[in-house]
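# Descriptive analysis of the structure
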Amino acid sequence: MGIKTDLSYIWHSKASNPFVNLKKEYKGIYWQEELIPFFQSVTLPKECTTVQMCYVELSKQVKAKLGEVDPYFAKLADAMVTWIEAWDDLNPPAKAAQLPNGTA
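From a predicted model like this one, the values you see are computed outputs, not experimental measurements. (Residues numbered from 1 in each chain as written. Predicted model: local features only at pLDDT ≥ 70, side-chain atom pairs only at ≥ 80, totals over all residues. Heavy atoms only, no water.)

### Brief notes about the packing of helix α1 (residues 18-41) against helix α2 (residues 51-66)
Put simply, the rule is: Helix axes use the C-alpha atoms of the stretch in contact, all axes being lines fitted to C-alpha atoms, and the angles between their N-to-C directions lie in the range 0 to 180 degrees. A helix here means a DSSP run of H or I that spans at least four residues, while a strand means a run of E at least two residues long, and both kinds are numbered starting from the N terminus. Should an angle lie under 35 degrees it is considered roughly parallel, over 145 roughly antiparallel, and from 65 to 115 roughly perpendicular; all remaining angles are considered oblique. Note: crossing handedness is left-handed where the near helix turns anticlockwise from the far helix by less than a right angle, and right-handed where it turns clockwise. The criterion used for residue contact is that any of the two residues' heavy atoms lie within 4.5 Å. When residues are sorted by character, Ala, Val, Leu, Ile, Met, Phe, Trp, Tyr, Cys and Pro go into the nonpolar class, Asp, Glu, Lys and Arg into the charged class, and all the rest, Gly among them, into the polar class.
At their nearest, the axes of α1 and α2 sit 11 Å apart, and the two run at 140° to each other. In terms of orientation, α1 and α2 fall into the oblique class. Viewed along their axes, α1 and α2 form a crossing whose handedness is right-handed. Where α1 abuts α2, its residues E34, L35, F38 and F39 lie against L58, Q61, V62, K65 and L66. Residue classes in the contact of α1 with α2 are distributed as six nonpolar, one polar and two charged.

And the structure:
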């Protein structure tokens, strides 16, 4: 876990059209009324003992509570589960880490 409290890593100085940006991002203005309280109240059960389990549980809560706000969040929740499944497929747990002097 980490927290960054300094300037951005990337400096963005490209001029952009504020009206185009508003059109792209206006839903976020309304969504924040639901998103902020949602994330302030999220709790994970003690049974969630891995990052993957926590992420899948979070996806269930996103779908259940934010899916009503906009269909985007139901799609997001499904994508979160797909991401974890792909991660687990590509990163299977090692049976035992092999070190030069034996197993860890």
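### What to know about helix α3 (residues 71-90)
So the rule is basically this: By definition here, a helix of n residues has an expected span of 1.5 Å times n minus one. Three exposure classes are used, based on accessible area relative to the maximum for each residue type with a 1.4 Å probe and protein chains only: buried under 20%, partly exposed in between, and exposed over 50%. In this description, one arc is meant: the one made by directions from the helix axis to the C-beta atoms. Under this definition, polar contacts are N or O atom pairs within 3.5 Å; protein pairs additionally need one hydrogen-donor-capable and one acceptor-capable atom, and for neighbouring residues in sequence, both atoms have to be side-chain atoms.
Between its first and last C-alpha atoms α3 spans 29 Å; for 20 residues at 1.5 Å apiece the expected length is 28 Å, and the two agree. For α3, the full list of buried residues reads F73, A77, M80 and I84. Each buried residue of α3 lies within a common arc of 55° when the element is viewed along its axis, so the set occupies one face. Turned more than 90 degrees away from the buried face of α3 sit P71, K75, D89 and L90, all of them exposed. Looking at the packing, one finds that the buried side of α3 touches α1 and α2. Where α3 begins, the side chain of D70 points an oxygen toward the backbone nitrogen of Y72, at a separation of 2.9 Å.

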